[in-house]
Amino acid sequence: MAAPTPNDDVASTGDAAPAATSSGTRALVAGVFVLATVVLTTAVLVFTARPADDDVDTSALTDTAVADEAGEADDVDTVAGPTTPTCDGLAVTVDLAVGATPTPGDDVILGTAGADLIDALAGNDVVCAEGGDDNILGGAGNDRIFGGDGNDVLSGNAGDDVLDGGPGDDFLDGNEGTDVCEGGGENEAGGDRLGPDCEASATAATEVAAGPPAAWAFYGNPWTMRSLADVGIEDERVSVRITAKYGGVMTGFRTYYKAAIGSQTAGPGSYSAGTGGTITVTLWPDDGNGFPDESGTPLAEIPPWAPSLVNGRPVGSQHDTFFKFSEWTTPPTIEAGGVYHVVFENLDPNPNTNFLSINNGYEVSGALERGPFGPQVADWGILRDTGEWLEWTTRAGRADGRYDPIFVAEMADGSSWGNGYMEMADQGTSIQRYRPVTDASIVRQMFTPTEDHVVDAVALHVFGDAATMEVELRTDDASLGSWPLAFTASGNDLGQWQTQEFDPITLEEGTTYYLSLRKTAGSGATTISVIRDGSAGGLTTNFPDGATWSDGEAQLSSNAGESWSNFSPADRADLAGLVFREQFS
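Below or above, wherever it landed, is the structure these notes cover. What you see is a predicted model, and the numbers here were worked out from it, not measured in a lab.

### Focus: the overall build of the chain
Then comes step 1: Within the chain, the regular secondary structure consists of three helices and 49 strands.
Then comes step 2: For the chain, with 585 residues in total, the buried portion stands at 51%.
Then comes step 3: For the chain, restricting intrachain contacts to residue pairs at least 6 apart in sequence, the fraction spanning at least 24 positions comes to 65%.
Then comes step 4: Accessible area of the chain: about 24,200 Å², with a carbon and sulfur share of 50%.

Next up, the structure:
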């Protein structure tokens, strides 16, 4: 795999094609010509592959003479600079170092020497990350991604991708499509890790054997939420795209249906209207491009369901309406790592005046991708049918944003998986989107694993001004490690992820651990969000444990850790965007 070529570090070659030899040229002359051409070509190739080095001396490079059939020498320039930087031999079209951003088309993307978060978006892209601990998302299309130096996380997402980690301890996963993953560098035989969706090449790293698909290779809470956002099941069908954590028989699911309650307005343009309509649900495979494959018959279906709202409001138990268990008529068998679509349709003849909605977690524009560990948008998203299936990234009155379906699959063996976080956590009577973190006001996640987890990195999501945050993992008896994470200013809407890798740690079943967060530098406001599972209170969700960090609890201290209390007195709540990368063997 070719290394990226930064601007000014490597000169391009001129036109080196000699005139064609005549039929009367002697064999000796032809042999000299071929040899000269090979030498020239080899010199150019070796020079092109030279690593980035500001100390490269180009003054010693001179013209090369190649004899033509008349014995005269043509000068061929081997140096012409400065030139456009290249990536895998292609001219760069998106240079992050000069502020360029990827497009939905076919890009050639060059990262910086630092730690980059690169979302290549759609298209058949080529990405060279250069140095730093990078996180690269290929998006839809057939992509070629080169991590370069550093400990990188490379994800191909949809399409047939080639991932090359380069030097460093990397994690590579192809996700959808037929992918080839190479460790590269000095770690081809073991320092790197391949997710289960990678097809190992001859020089690939050690493959992760057991364990769930890459989208679910985590322990903790990868979900963040700025607010809730509803999607009406009206005249457009709605698809919840899911990636299965487990294979087997899926008996049914729970989602968060939403209708107007209390002081909320009912009617067109709101959460719900009229009777709520007649809702039917079908399950479809993915077409390989992130959309439902409806060429055959559905894999499963739910009989039509009438919410029986009155003037857009539920009658009786809100729980029976909002968090009902939907059971497939004939439970389907699904594959671990398979992408599926749960399609909701309103059969009412007047669907815009008789409907209800599905609630989702919501993040604003600029936060369209999730953190480094956990399901990405290609794994877990929401779409609408406008005559063609489209990603749902808009909400009335708001700029584009990211929708995170609240959806929990339940399996015949009793296991469950998905996203069971239904709202921002509350403290007392008010919902707080963000919890301030200072050197005295600190937060932590307390957790007692119900099985062993081997982890080797932690990722954290915070909001606010530039700050240095100290993350510490400890038991009641000892500290297992603490790490400073530097955050740049991100504002109270966008937020920012940072990742810390460490030597593998086994979190043992039955042992209580604490992962705490305190601010050690920075004068502005820094906050973290806390989200709840609705396990108590007026809206008891009955979401099963497998869909949240169920063996943990968010806690807070206002006196620098001298005493602690659970964050939410009503429901079990977790710190949002606090997640370990888990190893499997």
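From this point, the narrative continues.
### A few points about the pairing of strand S38 (residues 442-447)
Then comes step 1: Counting buried positions along S38 gives five out of six residues, so the element sits mostly inside the fold.
Then comes step 2: Note: S38 against strand S46 (residues 552-557), six bridges, orientation antiparallel. Pairing of Gln445 across the sheet is with Ala554, part of S46.
Then comes step 3: Summarising the sheet, S38 and strand S43 (residues 513-521) pair through five bridges and their orientation is antiparallel. Looking at S43, one finds that Arg444 is bridged to Ser516.

### Re the side chain of Ser155
Then comes step 1: Topologically, Ser155 is positioned in strand S11 (residues 153-155).
Then comes step 2: Beyond its immediate stretch of four places on either side in the chain, Ser155 contacts Ile136, Leu137, Gly138, Ile145, Asp173 and Asn175.

### A closer look at the state of the cysteines
Then comes step 1: Inspection of every chain in the model, using the stated rule, returns one disulfide.
Then comes step 2: Across a sulfur-sulfur distance of 2.1 Å, Cys87 and Cys128 are joined as a disulfide pair. With the S-S dihedral at roughly 85°, the linkage between Cys87 and Cys128 falls on the right-handed side. Of this pair, Cys87 sits in strand S3 (residues 86-87) while Cys128 sits in strand S8 (residues 126-128), and the two are 41 residues apart along the sequence.

### As for the nonpolar core
Where a protein is soluble and globular, its nonpolar side chains tend to be buried together.
Then comes step 1: Ranked by internal contacts, the top residues of the largest apolar core, which has 92 residues, are Val342, Phe344, Trp417 and Phe580.
Then comes step 2: Looking at which element gives the most residues to this core, the answer is strand S39 (residues 453-464), with six residues.
Then comes step 3: Sequence-distant contacts of Val342, defined by excluding residues within four places in its chain, comprise Val238, Ser239, Val240, Ile242, Phe253, Val281, Thr282, Leu283, Trp328 and Phe407.

### Overview of the packing of aromatic side chains
Then comes step 1: Summed over the entire model, instances satisfying the criterion amount to 22 aromatic pairs.
Then comes step 2: The interplanar angle of 40° and the centroid separation of 5.2 Å between the aromatic rings of Phe447 and Trp549 together place this pair among those described as tilted. With Phe447 in strand S38 and Trp549 in the loop between strand S45 (530-532) and S46, this residue pair connects regions lying 102 residues apart in the sequence. No difference in accessibility class separates Phe447 from Trp549, as the two residues are buried.
Then comes step 3: Between the NZ or CZ atom of Lys258 and the centre of the ring of Tyr271, over which it lies, the distance is 4.5 Å.
Then comes step 4: Geometry around Trp305 places Lys324 over its ring, the cationic atom sitting 4.7 Å from the centre.

### Describing the sheet that holds strand S23 (residues 279-285)
Then comes step 1: Across the sheet, which stays open at both edges, the six strands sit in the order S24-S23-S27-S20-S29-S30 with antiparallel pairing between neighbours. Looking along the sheet, the strands with just one partner apiece sit at the ends: strand S24 (300-305) and strand S30 (389-391). Along the sheet, successive strands turn relative to each other by an average axial angle of 25°, direction set aside.
Then comes step 2: In the sheet, S23 pairs with S24 via four bridges, with the strands oriented antiparallel. Residue Thr282 lies in a different strand from S24, and its bridge partner there is Glu301.

### Section: the pattern of salt bridges
Then comes step 1: One pass over the full model with this rule turns up 12 salt bridges.
Then comes step 2: For Arg237, the salt bridge is made with Glu294, and the minimal N-O distance between the two is 2.7 Å. With Arg237 in the loop between strand S19 (227-232) and strand S20 (238-243) and Glu294 in the loop between S23 and S24, this residue pair connects regions lying 57 residues apart in the sequence.
Then comes step 3: Judged by its relative accessible area of 18%, Arg237 is buried.
Then comes step 4: Taking relative accessible area as the criterion, Glu294 reaches 30% and is therefore assigned partly exposed.
Then comes step 5: A salt bridge links Arg370 to Asp404; its shortest N-O distance comes to 2.7 Å. Taken together, the positions of Arg370 in the loop between strand S28 (357-364) and strand S29 (381-385) and Asp404 in strand S31 (residues 401-405) put the pair 34 residues apart, joining distant regions of the chain.
Then comes step 6: Accessibility expressed as a relative area gives 5% for Arg370, which makes it buried.
Then comes step 7: What you see here is one network of salt bridges that share partners, running through Arg237, Glu294 and Asp385.

### Description of the environment of Lys258
Then comes step 1: Residue placement: Lys258 occurs in strand S22 (residues 257-258).
Then comes step 2: When near neighbours in sequence (up to four residues on either side) are disregarded, Lys258 contacts Gln264, Tyr271, Ser272, Phe322, Leu356, Ser357 and Asn359.

### Describing unusual backbone geometry
Then comes step 1: Backbone geometry at Leu121 places phi at a positive 60°, although glycine is not the residue there.
Then comes step 2: Counting through the fold element by element, Leu121 comes out in the loop between strand S7 (117-119) and S8.
Then comes step 3: Phi is positive for Ala560, which is not a glycine, with a value near 60°.
Then comes step 4: One can find Ala560 in the loop between S46 and strand S47 (565-566).
Then comes step 5: By relative accessible area, which is 37% here, Ala560 ends up partly exposed.

### Topic: the sheet that holds S43
Then comes step 1: With antiparallel pairing, the six strands of this open sheet are ordered in space as S41-S40-S43-S38-S46-S47. With partners counted over all chains shown, the strands left at the sheet margins are strand S41 (479-487) and S47, one partner each.

### A look at the pairing of S28
Then comes step 1: For S28, the buried fraction is high: eight of the eight residues fall into the buried class.
Then comes step 2: Where S22 and S28 come together, two bridges link them in antiparallel fashion. The residue of S28 that forms the bridge with Tyr257 is Ile358.
Then comes step 3: As paired strands, S28 and S31 are joined by five bridges and run antiparallel to one another. Following the sheet pairing, Val364 is matched in S31 by Gly401.

How each quantity is defined
Residues numbered from 1 in each chain as written. Predicted model: local features only at pLDDT ≥ 70, side-chain atom pairs only at ≥ 80, totals over all residues. Heavy atoms only, no water. Helix = DSSP H or I, 4+ residues; strand = E, 2+ residues; numbered from the N terminus. Buried < 20%, exposed > 50% of the residue type's maximum accessible area, 1.4 Å probe, protein only. Contact = heavy atoms within 4.5 Å. Areas by Shrake-Rupley, 256 points an atom, 1.4 Å probe, with all protein chains shown as cover. Pairing = 2+ DSSP bridges. Disulfide = S-S within 2.5 Å. Core = buried A, V, L, I, M, F, W, Y, C linked by side-chain atoms within 4.5 Å. Phe/Tyr/Trp six-rings, centres within 6.5 Å; stacked < 30°, edge-to-face > 60°. Lys NZ or Arg CZ within 6 Å of the ring centre and 35° of its normal. Axes fitted to C-alpha atoms, helices over the stretch in contact; angles between N-to-C directions. Salt bridge = Lys/Arg side-chain N within 4 Å of Asp/Glu carboxyl O.

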